[in-house]
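Structure at a glance
For reference, the chains in residue letters:
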Amino acid sequence: MTDTPSDMRGAGRRHPVIRAADALSTLCGWIAAAMIVASVMITCQMIFVRSILNHSTIWQTEAVVYLMVTATLLGLPYVQRLRGHVSVDLLPLALPKRFRRGLIAFTLAAGIVVVALMLYYGYDLWHVAFSRNWKSDTVWGVRLWIPYAAMPIGFLIYLIQLCVDLFAVLAGLDRKLSLEDHH
Amino acid sequence: MDPLLLGATVAVVTILVLFSGVSVANGLLIVAAGFLLIFDGFRSLELMPEIFFGKLDNFALLSIPMFIIMGASIASTRAGADLYEALDRWLTRVPGGLVISNLGACALFAAMSGSSPATCAAIGKMGIPEMRKRGYPDGVAAGSIAAGGTLGILIPPSVTMIVYGIATETSIGRLFLAGVVPGMVLVGLFMAWSIYSTWRYGSVETLMRSGTYTLAQKLAILPRVLPFLAIILGVLVAMYGGYATPSETAAVGALLCLGVAIVIYRLWNLKALWVVLRDSTRESVMILFIIAAAGVFSYMLSSLFITQSIAEWIGTLDVNRWVLMICINLFLLVAGFFLPPVAVILMSAPILLPIVISAGFDPYWFAVVLTINMEIGLISPPVGLNLYVINGIAPDIPLKTILVGSMPYVLCMVLAIVILCLFPGLATGLPDLVLGPAV
Amino acid sequence: ATELRLSHQWSTSDVRHKVAQIVADEVAAADVDLTIKIFPSKSLFKPREQYKPLSRGQLDMTVFPLSYAGGQRPEFNLTLMPGLVKNHDHAARLNDSPFMGELEKLMAEDDVRVVVHGYLAGGFVGKDKCITKPEDVAGLQTRAAGKAFEQMLAAAGASIASMASSEIYNAMQTGVLQAANTSSSSFVSYRIYEQVKCYTPAADVALWFMYQPLLMNKTAYEELNDAQRAAIDAGAAKAQAYYLEEAKKQDAASVEVFKKAGVEIANMTQDEFNAWREIAKKSSYKNFVENVPDGQKLLDMALSVE
Ligand code: NA
Ligand code: NA
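A few points on the structure. (Residues numbered from 1 in each chain as written. Chains lettered and ligands numbered in written order. Predicted model: local features only at pLDDT ≥ 70, side-chain atom pairs only at ≥ 80, totals over all residues. Heavy atoms only, no water.)

A word on the pairing of strand β1 (residues 2–7) of chain C
All names here are of chain C. Pairing analysis gives 6 bridges linking β1 to strand β2 (residues 34–39), with the strands arranged parallel. For Ser7, the partnering residue across the bridge sits in β2 and is Phe39. Here β1 runs beside strand β3 (residues 61–63); their pairing, made up of 2 bridges, is parallel. Across the sheet, residue Leu6 finds its bridge partner in β3, namely Met61. (Pairing = 2+ DSSP bridges. Helix = DSSP H or I, 4+ residues; strand = E, 2+ residues; numbered from the N terminus.)

Here we look at the coordination of the sodium ion (ligand 1)
Residues and elements named next belong to chain B. Every protein donor of the sodium ion (ligand 1) is listed here as Ala110 (O), Ser113 (O), Gly152 (O), Ile155 (O) and Pro157 (O), and their distances to the metal cover 2.2 to 2.4 Å. When the donor residues of the sodium ion (ligand 1) are listed from N- to C-terminus, their spacing reads A-x2-S-x38-G-x2-I-x1-P. Like Ala110, the residue Ser113 is buried in the burial classification. (Donors = N, O, S within 2.8 Å, 3.2 Å for Na, K, Ca; no water. Buried < 20%, exposed > 50% of the residue type's maximum accessible area, 1.4 Å probe, protein only.)

Quick word on the interface of chain B and chain A
On the chain A side, the residues contacting the 56 residues of chain B number 59 residues. For the chain B and chain A pair, buried surface summed over both sides reaches about 5,200 Å², with 80% attributable to carbon and sulfur atoms. Our enumeration of links across chain B and chain A arrives at 1 salt bridge. Taking the shortest distance from any N to any O, the salt bridge between B:Glu248 and A:Arg50 comes out at 2.7 Å. Counting the contacts that link chain B with chain A gives 4 residue pairs in polar contact (both at pLDDT 80 or more). Of all the elements in the fold, those that place two or more residues in the side of chain B that touches chain A are α1 (3–19), α2 (24–40), α3 (48–56), α4 (63–75), α13 (246–263), α14 (270–303) and α19 (385–393) of chain B. Across the side of chain B that touches chain A, the residue classes break down as 41 nonpolar, 8 polar and 7 charged. (Contact = heavy atoms within 4.5 Å. Buried area = accessible area lost by both parts, 1.4 Å probe. Salt bridge = Lys/Arg side-chain N within 4 Å of Asp/Glu carboxyl O. Polar contact = N/O pair within 3.5 Å; in protein donor to acceptor, adjacent residues only side chain to side chain. Nonpolar A, V, L, I, M, F, W, Y, C, P; charged D, E, K, R; others polar.)

A word on the packing of helix α10 (residues 270–291) of chain C against helix α11 (residues 295–303) of chain C
All names here are of chain C. The interhelical angle for the contact between α10 and α11, taken along N-to-C directions, is 140 degrees, at an axis separation of 9 Å. Taken together, the axes of α10 and α11 lie oblique to each other. The crossing of α10 and α11 is right-handed. The segment α10 lies against α11, with Arg277, Tyr285, Phe288 and Val289 engaging Gly295, Gln296, Leu299 and Leu303. (Axes fitted to C-alpha atoms, helices over the stretch in contact; angles between N-to-C directions. Parallel < 35°, antiparallel > 145°, perpendicular 65-115°, else oblique. Left-handed = near helix turned anticlockwise from the far one by under 90°.)

What to know about the sheet that holds β2(C)
All names here are of chain C. Strand order in the open sheet made by the 5 strands is β2-β1-β3-β11-β4, with mixed pairing throughout. Each edge of the sheet is formed by a strand with only one pairing partner; in this case those strands are β2 and β4 (112–116). On average, each strand axis in the sheet is tilted by 25 degrees relative to the strand beside it, whichever way the strands run. Sheet contacts for helix α1 (residues 15–30): β1, β2, β3, β4 and β11 (214–217); angle to β2, the most-contacted strand, approximately 160 degrees.

Description of the interface of chain C and chain B
Between chain C and chain B, the residue contacts involve 25 residues of the former and 27 residues of the latter. On the chain C side of the interface with chain B, the three residues burying the most area are C:Gln58, C:Glu167 and C:Thr174, jointly 21% of the side's total. On the surface where chain C and chain B come into contact, there are 4 salt bridges. Close ionic contact of B:Glu46 with C:Arg56 constitutes a salt bridge, the shortest N to O distance being 3.9 Å. Remark: the boundary between chain C and chain B carries 8 residue pairs in polar contact (both at pLDDT 80 or more).

Focus: the packing of helix α1 (residues 16–51) of chain A against helix α2 (residues 60–81) of chain A
All names here are of chain A. Running from amino to carboxyl end, α1 crosses α2 at an angle of 155 degrees, the nearest separation of the two axes being 7 Å. In terms of their interaxial angle, α1 and α2 are classed as roughly antiparallel. As α1 packs across α2, the resulting crossing turns out to be left-handed. Residues belonging to the contact of α1 with α2 are distributed by class as follows: 15 nonpolar, 10 polar and 2 charged.

Section: the environment of A:Ser51
All names here are of chain A. For Ser51, the position within the fold is in helix α1. The exposure class assigned to Ser51 is partly exposed, which follows from its relative accessible area of 26%. Of the polar contacts made by the side chain of Ser51, one reaches the backbone oxygen of Ile47; its length is 2.7 Å.

Section: the nonpolar core
In this structure, A:Phe155, B:Phe52, B:Met300 and B:Phe366 are the most contacted members of the largest nonpolar core, which totals 215 residues. Of all the elements, α14(B) adds the most residues to this core, at 17 residues. C:Met100, C:Leu140, C:Ala158 and C:Trp276 belong to the second largest nonpolar core, which has 58 residues in total. (Core = buried A, V, L, I, M, F, W, Y, C linked by side-chain atoms within 4.5 Å.)

Quick word on the side chain of C:His88
Residues and elements named next belong to chain C. Relative to the helices and strands, His88 is located in helix α3 (residues 88–95). A distance of 3.5 Å separates a polar side-chain atom of His88 from the backbone oxygen of Ala247. At a separation of 2.8 Å, a polar atom in the side chain of His88 contacts the side chain of Asp251. Every residue in contact with His88, bar those within four places of it in the chain, is listed here: Tyr119, Leu120, Ala121, Phe209, Leu244, Ala247, Lys248 and Asp251.

Side note on the packing of aromatic side chains
In this structure the tally under the stated criterion is 32 aromatic pairs over all chains. Between C:Tyr51 and C:Phe64, the aromatic rings sit 5.8 Å apart at their centres with planes inclined by 25 degrees, giving stacked as the arrangement. Of the two residues, C:Tyr51 is situated in helix α2 (residues 51–55) and C:Phe64 in the loop between β3 and α3; the sequence distance between them amounts to 13 residues. Residue classification places C:Tyr51 among the buried residues on the basis of a relative accessible area of 1%. Looking at C:Phe64, the relative accessible area reads 0%, which means it is buried. It is A:Arg98 that lies over the ring of A:Phe99; its NZ or CZ is 4.8 Å from the centre. The residue whose ring lies beneath B:Arg321 is B:Phe361, and the NZ or CZ to ring-centre distance is 4.2 Å. (Phe/Tyr/Trp six-rings, centres within 6.5 Å; stacked < 30°, edge-to-face > 60°. Lys NZ or Arg CZ within 6 Å of the ring centre and 35° of its normal.)

A word on the state of the cysteines
Applying the stated criterion across every chain, the model contains 1 disulfide over all chains. Left unpaired, B:Cys327 is separated from the closest cysteine sulfur, that of B:Cys421, by 13 Å. (Disulfide = S-S within 2.5 Å.)

A short note on the pattern of salt bridges
A full pass over the atoms with the stated rule returns 35 salt bridges over all chains. The salt bridge partner of B:Glu85 is B:Arg78, with a shortest N-O separation of 3.5 Å. Using a relative accessible area of 21% as the deciding quantity, one classes B:Glu85 as partly exposed. In this structure, C:Arg16 and C:Asp14 form a salt bridge, with 2.8 Å as the shortest nitrogen-oxygen distance. The burial state of C:Arg16 is the same as that of C:Asp14; both residues are buried. Members of the salt-bridge network, linked through shared partners, are A:Asp124, B:Arg43, B:Glu46, B:Glu50 and C:Arg56.

Shape descriptors only; they carry no functional weight alone.
See the structure below:
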């Protein structure tokens, strides 16, 4: 549970595959941050339009909600890259280094399985929404496949980042293994 | 399988999975998927992304990143230092003025930030070195800031209160107000302990020693506090003046804070702005991911009839309501030792709240008690987020000193819970006064 | 033993829970090796997210405002259309009409069938004044329940503010909202009477009627044996009669609650109702017809029910 934005780039982070995944995740992080800023602006615009101009506000809440959902899903790989997903590190810290690597690899693998599951069924949901042309039940009537697309895309890149992290751990390229300097 | 036995199994498995070091959100998804697969069959897995998306599809959640941006943008400036310095210059004749100033600054800063680590970092960066320089014991310097920082989630705005409001469908505006007076009680207790401890383990001279400031110096610092008052005022006007709903207010606050940081504290360097956005994005995504994953987890609990059975079972237990409250507090305390507040609230509040209400407790009062429990978790081992923040700010203070220094403040918080049990009006009074009796 | 799972969004004291409970109790009493397990208070799914799992067989039954699924089946928007239903007896006739038969065909395509039909009514509240005719809402920040109502109110000059129903109370209190429209029971359960000056309930005429049937997954129904299906049908008949009676009582009960809280009660006249409907024809009806293939035909079928 570090709060410092620890960048885990050790020597191994120079591996081309790892660097490519990192770059992709960082791009996602930028987009997610931009979406959060956009939601701030849209919400303030909505308050202005409603309370000063006294006009209707039809699309703003919905737009903000979908921006937030998308920012969260696209943010997953970026936060994974920053090791920002909070976890309880007691047991890994207590284990000798050899077992620690095994445990970290195991937890990453378990994460990969469940994220793959979310990706598969998330894609399925997106596909149904797309092929049946589902819309949101509002005046704005957003075509749902657009916000739903955040699920296959976000989970896919998150999956890639997790796989690359697993690869780094197995190949001994990840600094997370030397958790002594973690806190 | 009996739902209660199943519930116990889920609890044990969840603890084991989370202790493996897997990220909390992934862990919750893994446990949920596993039990759904075994007891509801393969088809129930199809629902997971839909529930995940549905949990995030909630306008009230917007306030979480917004309040985090508020804290992060102000914490990136020297505003925190200005704040405690202003207090220090004015409290120069008060014994222990510096530690009082720091705790006061924590409380004021908490009124702008929804998160505890942000409060801790903002005040501690300058406050801890200054206190040590003037001879305060390391334990008091570190402990008071670690504890003062926890006020971030009790004094409004508060990310955990928002999460509680969403999980239990209680009014967020009312929850915010409920935290105000208990927050002040806690500040008072922290101050009392800091002064006593400095006198006991430091020296009287430390307490009395302070810079001497001329009236001109005292007045000169005031303009630097104005932005704070403007932000707090702006948020209050937006929320209670008929302009915005509580969840929308957060955006006003975020925009004001970013504006103040850029205009007054000259944060117009793009790289510095990106650091603020990056940190806010990281913390928000981390919390929102846990919220969505906990949504899938609680779907599993409800689908397997575990939630309903536990509530029913506790309803049949014929125990004294205060015994029940003590048990709930112990449970929250232990959960808070290990898990981040958001995860504890999301997993326990929907189960606990009906029990608490049927035992005759007020849901807003309970939110405050729950939050103080979570605050304790932030400064207690083994996983205390604020302790690590302090460790990052003042690396030369040994973690053990920080830990030992924080322990008395934990006792202050326990005392605050006892006080709240004796005088529940401390939590419910202000919301009743401002908003009328609870809906 | 077969177990069916039924989900809905209301508390256990709500009429819609009782409708579900009657069916569950009747099925249990029939002793046909079938149980219905009820998940009330959105303890399983969010209100608007029940139709998808129902149609995909992940949920067996639900009490569900059908217009919530209007994004998937735009035809369902007709079940929350201003002025289409005149009163509760008219609603009951609609339930037996060819119009409802068309909707049931569409539901069947989603593997959904109706177990119990039922409509509930609602009205308007104003923070500072009464809302009975279209001119009353001009310039007011208004929160409407349902897309078609938003379109009609906007055409009448109201400013539409979209927010969750749980935020209505706060928004009225702080002055963000000046008017709202929703069901009689929601007005009561969110204690809106504490915040408003005037209430226009559903009375002899009412604009706001919402179709909220008890639905069941069609395949799940067909997989039951004859005795089990008969038990459900018997329970459904009893529940539907109860639902109609209670729906009428809801409106009167809400008036009592508002009166007791000192809120002024206004009544909509037939002329005012007609004025609203004229605006609705030019806004929500028109919009519906333009966006739904066969929309005109369905609308005419609904309007032809006497
Ligand atoms: Na705060
Ligand atoms: Na802890």
